[in-house]
Amino acid sequence: MPSYFFKSALLGRDWAENVRLHVDAGCISMIETGAAPELAETVYGPVLPAMANVHSHAFQRVVAGLTEYYTMGTSDFWTWRTLMYQAARLMTPSTLKDIAAGLYLEMLKAGYGAVAEFHYLHHSHLDHAAEMSDAIFAAAAETGISLLHMPVLYEASDFGGAAPTDGQRPFLHSATEFAGFLHHVAGKQTGEAKLGLAFHSLRAVKPDSFEPTIAVMDALSPGAPVHIHVAEQLREVEASLKYSGKRPVEWMLDHLPVDARWCLIHATHVSEAEWKGMIERGAIAGLCPTTEANLGDGLFPAFDYLNAGGRFAIGSDSHVSIDPREELRLLEYGQRLFRRERTVLAPRTGGHTGERLWARAAAGGAAALGINGGEIEVGKRADLIVLDADAPALAGPRYGQVADAFVFRGAPIGITHVMRAGDWLISEGRHKREDEIMGRFRATLERLAALLELED
């Protein structure tokens, strides 16, 4: 039974020094504090639970940073979507694997130990739905990141079952086809690659398709996580009201079995009654602050939601940033700008902002992915990160200030080691297959970017 010695670690919600962890079958079996380093592998640097990335569209890494050119006229989410559709049509199983593997390695080095891949690249231009999912499984296996693969049901272009556009063609399944596809993909699961269910959005799924699809998923994997984009854009809220007379989350709470297995991605434009309903049902808000800021979506009411006991997780979504620190920092700063206050998301009884955000996002992310983890506690999965003790930005901070400095000091703070289920995936800042994976990643990004219709 391997054991590891760390100078300091965040255990649950308290910091401890001279910590020795014992790991058995991928889980933490014993924690000793005030321990000696004998008979343990010593790794220097403060230790935090690894973060789960609750929302990823791997192929969108191709267009990150390429959509910042302004032309006369409208520049919003819907114009960004046009270029994203171009990238989707360029994807093949091999290019998707190269992109996803490089992306997942980036995530590991940034402190993510797990990812939920919200995967709607089913047919692409090659009509290779199975091969596209196989590419995601292969990329996760190559890097070692823990995967929740989430095939997405995508049927329509708008409320009422409106006919899909040509740009949406790579994403489509009927509910009947999708049920068969879930059976195929279920056979690809491994110990570190599980299956979940995703609905693209209320506008892209017909109302009578939800419950039969959930029933199929439950027959394959009872209680598997369910994720959905919802209320990201005001236009979606307005369209929902026009179609059904209800706001998107309001409609979901009235018509769908939303509970603790559900993660509502974005939920940016929610009323007080809606976010209170999310809390009552135990649902998790899947927030993606860097993407939401990049697309001009708006601000989630995080202050009220968190203080009422709401659970949340973070995701990198379109991958304009692969840094959980930046997601949390932007979440807090958005609330500060809106409220014109400081330390908005710190505990109201007093405490550290960065520490609270990291701990709650890690726990919420693990729950949203169906992982028994997110905290360094006995019985939890051994998923953790080790910060670079020699980083200048960590000179001075102690205990709760360490997580605050990690999140809010913008200077680079490297992550030297990343453990997933008791295995070191990153050691001394590197992955054992880093050169190979990143070489393919860079070459594929360059080739695909040259094929996009970009403004110079």
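The notes below deal with the structure included here. Computed from a predicted model, the values in this text were never measured in an experiment.

### Some words on the nonpolar core
Here comes step 1: The biggest cluster of nonpolar side chains holds 137 residues, and the ones touching the most others in it are Y104, F199, M252, W262, L264 and F312.
Here comes step 2: If you tally residues by element for this core, the top one is helix α2 (residues 93–110), at nine residues.
Here comes step 3: Counting 16 residues, the second-largest nonpolar core is a separate cluster that includes L11, V43, L384 and V386.

### Some points on the pattern of salt bridges
Here comes step 1: Enumeration over the complete set of coordinates arrives at 28 salt bridges.
Here comes step 2: Across the salt bridge formed by R325 and D323, the nearest N and O atoms sit 3.6 Å from each other. Of the two residues, R325 and D323, both sit in the buried class.
Here comes step 3: The partner of R440 in a salt bridge is E436, and the shortest N-O contact between them spans 3.3 Å. Of this pair, R440 and E436 both sit in helix α14 (residues 434–449), four residues apart, which is roughly one turn of the helix.
Here comes step 4: The exposure class of R440 is partly exposed, given its relative accessible area of 23%.
Here comes step 5: Where salt bridges share partners, they join K97, D98, E142, R433, E436 and R440 into one cluster.

### Some thoughts on the packing of helix α11 (residues 324–339) against helix α12 (residues 353–368)
Here comes step 1: Contact pair α11 / α12: the axes reach a minimum separation of 10 Å and the direction vectors enclose 120°. Judged by the inter-axis angle, α11 sits oblique to α12. As for the relative orientation of α11 and α12, their crossing is right-handed in sense. Contact residues: P324, R325, L328, L331 and E332 in α11; T353, L357, W358 and A361 in α12.
Here comes step 2: Looking at the contact of α11 with α12 residue by residue, the class counts come to six nonpolar, one polar and two charged.

The rules we used
Residues numbered from 1 in each chain as written. Predicted model: local features only at pLDDT ≥ 70, side-chain atom pairs only at ≥ 80, totals over all residues. Heavy atoms only, no water. Core = buried A, V, L, I, M, F, W, Y, C linked by side-chain atoms within 4.5 Å. Buried < 20%, exposed > 50% of the residue type's maximum accessible area, 1.4 Å probe, protein only. Helix = DSSP H or I, 4+ residues; strand = E, 2+ residues; numbered from the N terminus. Salt bridge = Lys/Arg side-chain N within 4 Å of Asp/Glu carboxyl O. Axes fitted to C-alpha atoms, helices over the stretch in contact; angles between N-to-C directions. Parallel < 35°, antiparallel > 145°, perpendicular 65-115°, else oblique. Left-handed = near helix turned anticlockwise from the far one by under 90°. Contact = heavy atoms within 4.5 Å. Nonpolar A, V, L, I, M, F, W, Y, C, P; charged D, E, K, R; others polar.

Any functional reading would require information that these geometric values do not contain.
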